[in-house]
Amino acid sequence: MTWAPGAEWTAMNRRRTLDLLGVLLAAAVLAALLTWLGVPSAALFAGLAAGLGRALLGRGALTLPKQGMTGAQAVVGVSIGALVSLPTLQAVAADWLPVVAVTVGTLLLSLVAGRLMALRPGVSRVTGAFSMIAGGASGITVMARELGADARMVAVLQYLRVLLIVVTMPVVAAVGFGAVGGRGTAVDDGPGAWVGLLFTVVGVGAGIPFGRLVRLPVASLLGPMLVAATLDLTGLSRGADVPALLEAAAFLVIGLQVGLSFTRDSLRVVGGALPWALVLIVGLVLASAGLGALLAVTADVSPLTAYLATTPGGLYAVLATATDSGADATVVLAVQVLRLFVMLLTAPLLSRWLRRGG
């Protein structure tokens, strides 16, 4: 019998590929189920759960190809950039001072909550801050690892907040503000999936090199985000969005990468931090509602619009509620998107400051 050089490596590579395909298949099936059940951010949750299961029950470590993660980050960046539009900027300009004030206020509240989160053993200042940043859960989760935070804890706590908001927001809107469903108007679906695909390809293809050229931190996210926003503001995108299936695939990959990085020890640390984190998240949600009340008093918007505009997370659920309840969805989107961009663009500076002992 003749030994073939590299035969053992080829067999190992084949096993790893089959292992990865199995996890991807499990995540895709779970994502379809969660989507059917109406769970928010279903693809990311499915990837997180499938990756966590494989990390804790499988033999040996499994990692995703670097190119896959880069591509997923870039698609998410394009998806975020596509939220920008001229009507959004005009809505911000109409009441720019109170809008900027509540945005800065939300950032300060996030920093305070992050410092309190870092009182837990095993939670660094950067991890605490990123876990409590109000808004932009998907982008913050993508950036966390590269900026020195524990992406596992950041993902769990960010989406714990999103879940809490998605569950309570319709009740608060109905009971607290008298919102009634069915008042929404028809939504433009955009120019179609093929134009959306072209928009995504251009955003990714130009955004990654641009981000690296100007040396942006987390270039694969922020570069495509800025390119997509530019295409939107110049009208070249024709109102296109990332195709839903492609966006879901990107979130699934990101969730999977975070889930696969878990260990039993890290799971115990995250689990132990959950009670304290939940207290801080509830406090952050209530404080954000206070900022909403301030916005309603200082800007020409209804209390319901102000509440939805300052809700700290769950952007798409917030927009759906705003559209269905008759709130000013343009103002809600404007405030939410401004906060999203502020959080993502200041995150690298925040990370650097906290790691220096700020």
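Now for a description of the structure that goes with this document. Predicted, not measured: the structure shown is a model, and the values here were computed from it. (Residues numbered from 1 in each chain as written. Predicted model: local features only at pLDDT ≥ 70, side-chain atom pairs only at ≥ 80, totals over all residues. Heavy atoms only, no water.)

**Structural notes on the overall build of the chain**
Here is step 1 of the chain: Scanning the chain from terminus to terminus reveals 15 helices and 0 strands.
Here is step 2 of the chain: A compact globule built from 358 residues would reach a C-alpha radius of gyration of about 21 Å, and the chain, at 21 Å, matches this within 12%.
Here is step 3 of the chain: Within the chain, the proportion of its 358 residues that are buried is 47%.
Here is step 4 of the chain: Of the contacts made within the chain by residues no fewer than 6 positions apart, 77% connect residues no fewer than 24 positions apart.
Here is step 5 of the chain: Approximately 17100 Å² of the chain is accessible, and the part contributed by carbon and sulfur atoms is 68%.
Here is step 6 of the chain: Across the chain, 22 positive and 14 negative side-chain charges occur, with their mean positions spaced 16 Å apart. (Helix = DSSP H or I, 4+ residues; strand = E, 2+ residues; numbered from the N terminus. Rg over C-alpha atoms; globule rule 2.2 N^0.38 Å. Buried < 20%, exposed > 50% of the residue type's maximum accessible area, 1.4 Å probe, protein only. Contact = heavy atoms within 4.5 Å. Areas by Shrake-Rupley, 256 points an atom, 1.4 Å probe, with all protein chains shown as cover. Lys, Arg positive; Asp, Glu negative; His and termini not counted. Charge placed at Lys NZ, Arg CZ, Asp CG, Glu CD.)

**Points about the packing of helix α9 (residues 193-213) against helix α10 (residues 219-233)**
Here is step 1 of the chain: Closest axis-to-axis distance for the α9/α10 pair is 7 Å, and the angle between their directions is 125 degrees. On the basis of their axis angle, the class for α9 and α10 is oblique. The chirality of how α9 crosses α10 is right-handed. Residues F199, V202, G203, A206, G207, I208, F210, G211 and R212 of α9 touch α10, and the partners they reach there are A219, S220, G223, P224, L226, V227, A228, L231 and D232.
Here is step 2 of the chain: Class assignment of the residues belonging to the contact of α9 with α10 gives a composition of 11 nonpolar, 5 polar and 2 charged. (Axes fitted to C-alpha atoms, helices over the stretch in contact; angles between N-to-C directions. Parallel < 35°, antiparallel > 145°, perpendicular 65-115°, else oblique. Left-handed = near helix turned anticlockwise from the far one by under 90°. Nonpolar A, V, L, I, M, F, W, Y, C, P; charged D, E, K, R; others polar.)

**Focus on a nonpolar patch on the surface**
Here is step 1 of the chain: Together, W96, L97, V100, V104 and L108 make up an exposed nonpolar region whose accessible area comes to about 490 Å².
Here is step 2 of the chain: Within the secondary structure, L97 sits in helix α5 (residues 96-117). (Patch = residues over 30% accessible without salt bridge, like charges linked within 9 Å, V, L, I, M, F, W, Y side chains within 5 Å. Salt bridge = Lys/Arg side-chain N within 4 Å of Asp/Glu carboxyl O.)

**Some thoughts on the environment of V242**
Here is step 1 of the chain: Within the secondary structure, V242 is located in the loop between α10 and α11 (244-260).
Here is step 2 of the chain: Sequence spacing of V242 and A91 is 151 residues, and the spatial spacing of their C-alpha atoms is 24 Å.
Here is step 3 of the chain: Contacts of V242, omitting those with residues within four sequence positions, involve V75, V78, S79, F199, T200 and E247.

**Details of the pattern of salt bridges**
Here is step 1 of the chain: Counted according to the given criterion, the structure contains 3 salt bridges.
Here is step 2 of the chain: Of the charged contacts, one joins D150 and R152 as a salt bridge, the two residues approaching to 3.0 Å between their closest N and O atoms.
Here is step 3 of the chain: When its relative accessible area of 22% is taken as the criterion, D150 is described as partly exposed.
Here is step 4 of the chain: In this structure, D265 and R268 form a salt bridge, with 2.2 Å as the shortest nitrogen-oxygen distance. On the criterion of helical spacing, the pair formed by D265 and R268 is a turn pair, its members being 3 residues apart in helix α12 (residues 264-298). Here the two residues D265 and R268 agree in accessibility, since each one is exposed.

**Considering the layout of surface pockets**
Here is step 1 of the chain: The computed volume of the second largest pocket comes to approximately 550 Å³.
Here is step 2 of the chain: In terms of lining residues, the second largest pocket is bounded by 26 residues, among which L64, K66, M69, R145 and Q257 are the most central.
Here is step 3 of the chain: Of all elements in the fold, only α2 (42-57), α3 (66-81), α7 (137-144), α10 and α11 reach the threshold of two or more residues within the lining of the second largest pocket.
Here is step 4 of the chain: For the lining of the second largest pocket, the class distribution of residues is 13 nonpolar, 8 polar and 5 charged. (1 Å grid on protein atoms, 1.4 Å probe; cavity = no way out; pocket = protein on both sides within 12 Å on 5 of 7 lines; lining within 4 Å. Points joined across faces, edges and corners; volume = space filled by probe spheres on them.)

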